[in-house]
Amino acid sequence: MFKPDTSVSESQNKGILKEIIETNITRKLIPKGLSWFGCMGGLSLLAFLIQLGTGIFLMFYFIPSPNEAAASFQHVSHRVPYGWLIQRIHSVGPHIMIGMVFSHMLRIFFKRIYRHPRELHWVSGASLLILTLLMYYTGSFLTANNAVELSKFQLTCSYTLHVAGIPLTMALFMGMHFFMVRKTGIYEPL
Ligand code: HEM
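Remember, it's a predicted structure, so these values are computed and weren't measured experimentally. (Residues numbered from 1 in each chain as written. Predicted model: local features only at pLDDT ≥ 70, side-chain atom pairs only at ≥ 80, totals over all residues. Heavy atoms only, no water.)

### Side note on the packing of aromatic side chains
Within this structure, the stated rule accounts for seven aromatic pairs. Here the aromatic rings of Tyr 137 and Phe 141 are separated by 5.1 Å at their centres, their planes lie at 80 degrees, and the arrangement is edge-to-face. Ring pairs connect the aromatic residues Phe 109, Phe 110, Tyr 114 and Trp 122, which therefore count as one cluster. (Phe/Tyr/Trp six-rings, centres within 6.5 Å; stacked < 30°, edge-to-face > 60°.)

In structure tokens, the structure reads:
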């Protein structure tokens, strides 16, 4: 019976994957004497991904209803394994992320990196800052104490914006931001 020789295409695939990883990650150069300030863009992305992961976890348990929100909150904190930890990370994370995004922006501002040809990096970045603050604002309504004060409609609106509308818009703007950084290359000499 005819058996296709898969070993050649498998090793070819591995070679392509290795090449992609090397050209995009392991063989990439970083600027000489990179400071903590210079890492704030990448760290903002990491903070966003942590918020995304912990937020998806919390979505499995949170009930966006003024009567049930507090109980669902208690359930995650006390009964779900490591729920308390994930919930804490998700509530402390935004403060750290906002600090990082601001530090990133201040570096760009004081080093005047926003000038041509990086005007659109700045505009998309400023939009990301506003969206980050909006995430914080809508998220603040979803805490156990604040959710009970809202009507069902207000809570549903905040929840929908917080878990879908704003994060999807952020992903879109981040895609543009990173694409433009790749196009111009970073400002610091390698
Ligand atoms: C969630 C928010 C943000 C994330 C995740 C993010 C991420 C990044 C990353 C990873 C880079 C490339 C590496 C670096 O230079 O740090 C970058 C570059 C850049 N960002 Fe942001 N950024 C954000 C917000 C902002 C804000 C608020 C501004 C300004 C208003 C901004 C303006 C820029 C500019 C001008 C560059 C190009 C820097 C260069 O060419 O060296 N970004 N960003």
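Still more to cover.
### Observations regarding a nonpolar patch on the surface
Together, Leu 46, Ile 50, Tyr 82, Trp 84, Leu 85 and Ile 89 give the surface a local cluster of nonpolar side chains, amounting to about 590 Å² of exposed area. Contributions of two or more residues to the nonpolar patch are made by helix H2 (40-59) and helix H4 (83-110). When residues of the nonpolar patch are assigned to their parent elements, the largest contribution, three residues, is made by H4. The residue Leu 85 is located in helix H4 in this model. On the accessibility criterion, Leu 85 (34% relative accessible area) is partly exposed. (Patch = residues over 30% accessible without salt bridge, like charges linked within 9 Å, V, L, I, M, F, W, Y side chains within 5 Å. Areas by Shrake-Rupley, 256 points an atom, 1.4 Å probe, with all protein chains shown as cover. Salt bridge = Lys/Arg side-chain N within 4 Å of Asp/Glu carboxyl O. Helix = DSSP H or I, 4+ residues; strand = E, 2+ residues; numbered from the N terminus. Buried < 20%, exposed > 50% of the residue type's maximum accessible area, 1.4 Å probe, protein only.)

### Describing the site of the ligand
As a structural note, the neighbourhood of the ligand is formed by 27 residues, with His 104, Arg 118, Gly 125, His 177 and Tyr 187 the closest of them. Within the contact set of the ligand, a nitrogen atom lies 2.8 Å away from a side-chain nitrogen or oxygen of His 104. A distance of 2.8 Å is found between a nitrogen atom of the ligand and a side-chain nitrogen or oxygen belonging to His 177. For the shell around the ligand, the elements supplying multiple residues, two or more each, are H2, H4, helix H5 (119-140) and helix H7 (152-184). In terms of residue count, H5 provides more of the shell around the ligand than any other element does, seven residues in total. Its residues assigned to classes, the shell around the ligand comprises 15 nonpolar, ten polar and two charged. (Near = heavy atom within 4 Å. Polar contact = N/O pair within 3.5 Å; in protein donor to acceptor, adjacent residues only side chain to side chain. Nonpolar A, V, L, I, M, F, W, Y, C, P; charged D, E, K, R; others polar.)

### Structural notes on the coordination of the iron atom of the ligand
Only His 104 (NE2) and His 177 (NE2) from the protein coordinate the iron atom of the ligand, and they sit 2.1 Å from it. Because the angles between the six donor atoms bound to the iron atom of the ligand fall within 86 to 179 degrees, the donor set is best described as octahedral. In this pair, His 104 sits in helix H4 while His 177 sits in helix H7, placing the two residues 73 residues apart along the sequence. Overall, His 104 belongs to the partly exposed group, its relative accessible area being 22%. (Donors = N, O, S within 2.8 Å, 3.2 Å for Na, K, Ca; no water. Tetrahedral: all angles 85-135°; square planar, octahedral: opposite > 155°, others 65-115°.)

### Topic: the side chain of His 90
Mapped onto the secondary structure, His 90 falls in helix H4. A distance of 3.4 Å separates the side chain of His 90 from the backbone nitrogen of Gly 55, its partner in a polar contact. What His 90 contacts, discounting residues up to four positions off in sequence, is Gln 51, Thr 54, Gly 55, Leu 58 and His 162. (Contact = heavy atoms within 4.5 Å.)

### Brief notes about the nonpolar core
With 13 residues, the main nonpolar core has Phe 48, Met 97, Ile 166, Met 170 and Met 174 as its most contacted residues. Elements that contribute at least two residues to this core include exactly H2, H4, H5 and H7. A total of four residues in this core trace back to one element, the largest contributor, which is H5. Excluding its chain neighbours within four sequence positions, the residues that come into contact with Met 170 are Phe 48, Met 97, Leu 128, Leu 131, Thr 132 and Met 135. One finds Ala 69, Leu 142, Ala 147 and Leu 150 within the second-largest nonpolar core, a separate group that totals seven residues. (Core = buried A, V, L, I, M, F, W, Y, C linked by side-chain atoms within 4.5 Å.)

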